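An overview of the molecular structure
Next come the chains, spelled out residue by residue.
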Amino acid sequence: MIKLCTDSCVDINKNQIEENNISVFPLSVILGDKEYLDGVNITPNDIFDYVDKTGLLPKTAARSIEDFKTFFQELLKDGDEVIYMGISSKLSSAYSYASQAKEELKTDKLHIIDSKSLSTGIGLLVLYASDLIKQGLSCEEICQKLEEQVLLNQTSFVVDTLDYLYKGGRCSAMARFGANLLKIKPRLELVDGKIENTGKYMGKFNSVIYKYIDDMLKLHSNVKKDLCFITHTCRDDKFVSEIVDYVKSKNIFDKVVSSRAGATITCHCGENTLGILYLLEK
C-alpha cells in the first residue's frame, strides 16, 4: 500500500483530504509567546484578530526533526510505502527537516519530494499523486511522474496589501509605501520554488483580480483541464464565488474549486490575497 502525506500548507479542502486518505502534518504558528498547530487549534481569523489588536505579525515554524520522525513512523509502521510532499524547500526548512528525519529512520520506504510550491500548488500535486495510486502505478513510477509534474505547476496570487510581507521582512518599507500610495497590487508567482514578483496591477483589489485571472489563463495553452483552484484569504464569500463563476465561464477546466488558505499562508500574505492555481501538461 502507498500512503500520501503532506504538511498543513497544502490548503485543499477537508473532504478532498478525507476522500484521498491524505495525512497532514501540521506546521507551527506562533502568536506572541504561544505556539499553535495550523489546522488544529488556530484559524486565519485568529491571525487577523491578533494582528489588528497587537500590530505584530505572527510567525511560522517547521516543527522539529523529531516531530517529523514521529509522524513518519506512524505511517510506516505497517510496512507501507510513504510519499511526502510539503512546502517548497526554498521557502521553509520543513523539507530539510523531513529529509533529515528520513535519514535518521534509515528507511527506503519513505520518499520525500520537493513540491517547489505552496498552498494548493502542493494540493494539486498531492491529488495528482492520489490519482496515480488509484491507477495502480508503483511507488517508483509515481515519484518519477511527480518530479516531472513539479516543473509544470502554475501557482500565483495577487496580494491586496504588502503590510504582512513587509512585517515579515519580505519587502522593503519603500516598496510597501509606494504600493499602498499608488494602490499597486503585486502579482507573485512560484518560480523554481521561490516567490517572484512577476507583475503588478493598479486599482481596487476586487477589480484587478479579473484582469489577473485573464492574464494567467492566457499564459498557458497546455493546462491540465481536470482541476483548478481559486485559493484565497478573503472574508467576502460572495466575491470569491463570483471569481469562481468567472473562471467557470471560461469553459477551460472540468472543475473549479474554491479553497480558503490556512494559517500558514495567511501569516505571510494577510487578508485579501487570491490566486488561481492549476497544473500543466507537458
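Quick note: structure is the one above.
Now for a quick tour of the structure.

Parameters at a glance
- Residues numbered from 1 in each chain as written.
- Predicted model: local features only at pLDDT ≥ 70, side-chain atom pairs only at ≥ 80, totals over all residues.
- Heavy atoms only, no water.
- Helix = DSSP H or I, 4+ residues; strand = E, 2+ residues; numbered from the N terminus.
- Buried < 20%, exposed > 50% of the residue type's maximum accessible area, 1.4 Å probe, protein only.
- Areas by Shrake-Rupley, 256 points an atom, 1.4 Å probe, with all protein chains shown as cover.
- Lys, Arg positive; Asp, Glu negative; His and termini not counted.
- Charge placed at Lys NZ, Arg CZ, Asp CG, Glu CD.
- Pairing = 2+ DSSP bridges.
- Axes fitted to C-alpha atoms, helices over the stretch in contact; angles between N-to-C directions.
- Contact = heavy atoms within 4.5 Å.

Here we take up the overall build of the protein. Along the protein, the regular secondary structure elements total 11 helices and 13 strands. Projecting the C-alpha coordinates of the protein onto the three principal axes gives extents of approximately 55 × 50 × 30 Å. Put simply, the protein has 282 residues, and 53% of those count as buried. Roughly 13,300 Å² of accessible area belongs to the protein as shown, and the carbon and sulfur atoms make up 49% of that amount. The averaged location of the 40 negative side-chain charges in the protein is 5 Å from the averaged location of its 35 positive side-chain charges.

Following the sequence through the fold, Leu125 ends up in helix α5 (residues 120-134). You can call Leu125 buried: its relative accessible area is 0%.

An order of β10-β9-β8-β13-β11-β12 is seen for the six strands of this open sheet, with the pairing classed as mixed. Two strands close off the open sheet at either side, each with one partner strand: β10 (194-202) and β12 (256-260). Recorded for the sheet is a direction-independent mean angle of 20° between the axes of neighbouring strands. Bridging between strand β8 (residues 153-159) and strand β13 (residues 273-280) involves five bridges; their strand directions are antiparallel. Counted as the bridge partner of Val159 is Thr273 from β13. Packing of helix α9 (residues 205-219) onto the sheet brings it into contact with β8, β9 (184-191), β10, β11 (223-232) and β13, and relative to β13 it is tilted by some 10°.

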